[in-house]
Amino acid sequence: MDKNINFTLKVWRQNGPKAKGHFDTFEMKDIPGDTSFLEMLDILNEQLIESGNEPFVFDHDCREGICGMCSLYINGHPHGPATGATTCQLYMRRFNDGDVITVEPWRSAAFPVIKDCMVDRGAFDKIIQAGGYTTVRTGQPQDANAILIPKEAADEAMDCATCIGCGACVAACKNGSAMLFVSSKVSQLALLPQGLPEAAKRAKAMVMTMDELGFGNCTNTRACEAECPKNESIANIARLNREFISAKLAD
Ligand code: FES
C-alpha cells in the first residue's frame, strides 16, 4: 500500500497565447501514492471549483498512454520523472513527502498556449497532412501473398508507429525540433512497401512543412530520445535524412 504524501504544487497559469503567465502555488495534502498525476490534478480542480476559483486547464483523453494528449512538463521533464511513460501513466508514488512539484506547458514557438498548460499541437496535424499517409486504391483487395513483408521490417515499422505524437520531443529539445516525430512518421511508412509510392515527396513535404511551422533544427543532443515516452530512436532521424537526400537527388 502506497503512503499518502503532502507536497507543494506550482502550476503555470496563462490566459492565452499572448497573455503573460505566472505560477500559482498550492499545498496538496494527503494525496495517496497510487493516485495518477492527472487524478491528482483532478483533486486540485475539485478543490478550486469548490472554493469558487477557476480550474487549472490541462490536456488529457485516454489516460492510458495511447492518445498522446497529456502533455505536462513536470520538474523539468516532459511527462515528468518516469522514463518510457506519459503523464497519465505517472503515479504520485514517484514523488516524496515535502517535494515541490512544478508543472509547465510544452514550451515551443510552434505550440502556442491555449490556456494554462493546454497547448495547440495542430502543427503536428499539418505535418501529417503534408505527407504522413499512403494512397489506398479502391477496388479489389490485393492478394496478401503479393506484398510479403519481412518480419524485421514489420517490427521496425511498428516500433516507429508507436509514436503517439505527444510533442515531448519538441518540448525536450533546446531547438524546439520536431525531427523525432517527423522521422518516426516517415519511417513507419518508408519501411513498408505500401509507403513506397509517395516516399520521395513525403520526406520533402513533411520536412518543408515542419520548417515553415517554426520548429527548430536537430543538433543531435538526443534529448528527444531520452524523454520520448515511447522510446523512439534517433536512428529514425538518420533514416529521414537518407529519405530526404534520396528525394532531392531524384529531383
Ligand atoms: S491521456 Fe492519452 S496518452 Fe496520456
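The sections below set out a description of the structure shown in this document. The structure presented is a predicted model; accordingly, all values stated were derived computationally and were not measured. (Residues numbered from 1 in each chain as written. Predicted model: local features only at pLDDT ≥ 70, side-chain atom pairs only at ≥ 80, totals over all residues. Heavy atoms only, no water.)

## Focus on the side chain of T86
- Take T86: it is sitting in the loop between β4 (77–78) and β5 (100–104).
- T86 has contacts with G65, C70, H79, I164 and P229, leaving out every residue within four places of it along the chain. (Helix = DSSP H or I, 4+ residues; strand = E, 2+ residues; numbered from the N terminus. Contact = heavy atoms within 4.5 Å.)

## Concerning helix α8 (residues 235–250)
- Over its 16 residues, α8 extends 23 Å from the first C-alpha to the last, a length consistent with the 22 Å expected when each residue adds 1.5 Å.
- Residues of α8 that are buried: N236, I237, R239, L240 and A247. Mapping the buried residues of α8 onto a view down its axis gives an arc of 160 degrees, with all of them on the same face. Exposed residues on α8 whose side chains face more than 90 degrees from its buried face are R242 and L249. (Expected span 1.5 Å × (residues − 1). Buried < 20%, exposed > 50% of the residue type's maximum accessible area, 1.4 Å probe, protein only. Arc of directions from axis to C-beta.)

## A word on the environment of N145
- With respect to the helices and strands, the residue N145 is situated in the loop between α2 (122–131) and α3 (151–161).
- For N145, a relative accessible area of 59% corresponds to the exposed category.
- A C-alpha to C-alpha distance of 40 Å links N145 and N220, two positions 75 residues apart in sequence.

## Topic: the packing of aromatic side chains
- All chains considered together, the criterion is met by seven aromatic pairs.
- When the centroid spacing of 5.8 Å and the interplanar angle of 25 degrees are considered together, the rings of F56 and F58 count as stacked.
- For F56, a relative accessible area of 2% corresponds to the buried category.
- Residue F58 is classed as buried on the basis of its relative accessible area of 8%.
- Between the aromatic rings of F111 and F124, the centroid separation amounts to 5.3 Å while the plane-to-plane angle is 75 degrees, which identifies the pairing as edge-to-face. You can see F111 sitting in the loop between β5 and β6 (113–115) and its partner F124 sitting in helix α2, a full 13 residues away along the chain. (Phe/Tyr/Trp six-rings, centres within 6.5 Å; stacked < 30°, edge-to-face > 60°.)

## Here's the deal with the packing of α2 against helix α5 (residues 179–190)
- The interhelical angle for the contact between α2 and α5, taken along N-to-C directions, is 30 degrees, at an axis separation of 11 Å. Overall, the two elements α2 and α5 adopt an arrangement that is roughly parallel. For the element pair α2 and α5, the recorded crossing hand is right-handed. Of α5, the residues touching α2 (which contributes F124, I127, I128 and G131) are F181, V182, K185 and L189.
- Classifying every residue of the contact of α2 with α5 by side-chain character gives six nonpolar, one polar and one charged. (Axes fitted to C-alpha atoms, helices over the stretch in contact; angles between N-to-C directions. Parallel < 35°, antiparallel > 145°, perpendicular 65-115°, else oblique. Left-handed = near helix turned anticlockwise from the far one by under 90°. Nonpolar A, V, L, I, M, F, W, Y, C, P; charged D, E, K, R; others polar.)

## Describing the layout of surface pockets
- Its volume calculated, the largest pocket comes out at about 410 Å³.
- Along its surface, the largest pocket is lined by 13 residues, and T135, V136, R137, Q142 and Q194 are the ones closest to its centre.
- Counted by class, the lining of the largest pocket contains five nonpolar, six polar and two charged residues. (1 Å grid on protein atoms, 1.4 Å probe; cavity = no way out; pocket = protein on both sides within 12 Å on 5 of 7 lines; lining within 4 Å. Points joined across faces, edges and corners; volume = space filled by probe spheres on them.)

## Describing helix α6 (residues 199–212)
- With 14 residues, α6 should cover 20 Å at 1.5 Å per step; its first-to-last C-alpha distance of 20 Å lies within 8% of that length.
- Looking at α6, one finds that the buried residues are A199, R202, A203, K204, M206, V207, T209 and M210.
- On the buried face of α6, the contacting elements are α2, α5 and α8.
- Where α6 terminates, the next one or two residues include G214, which has phi positive at roughly 95 degrees.

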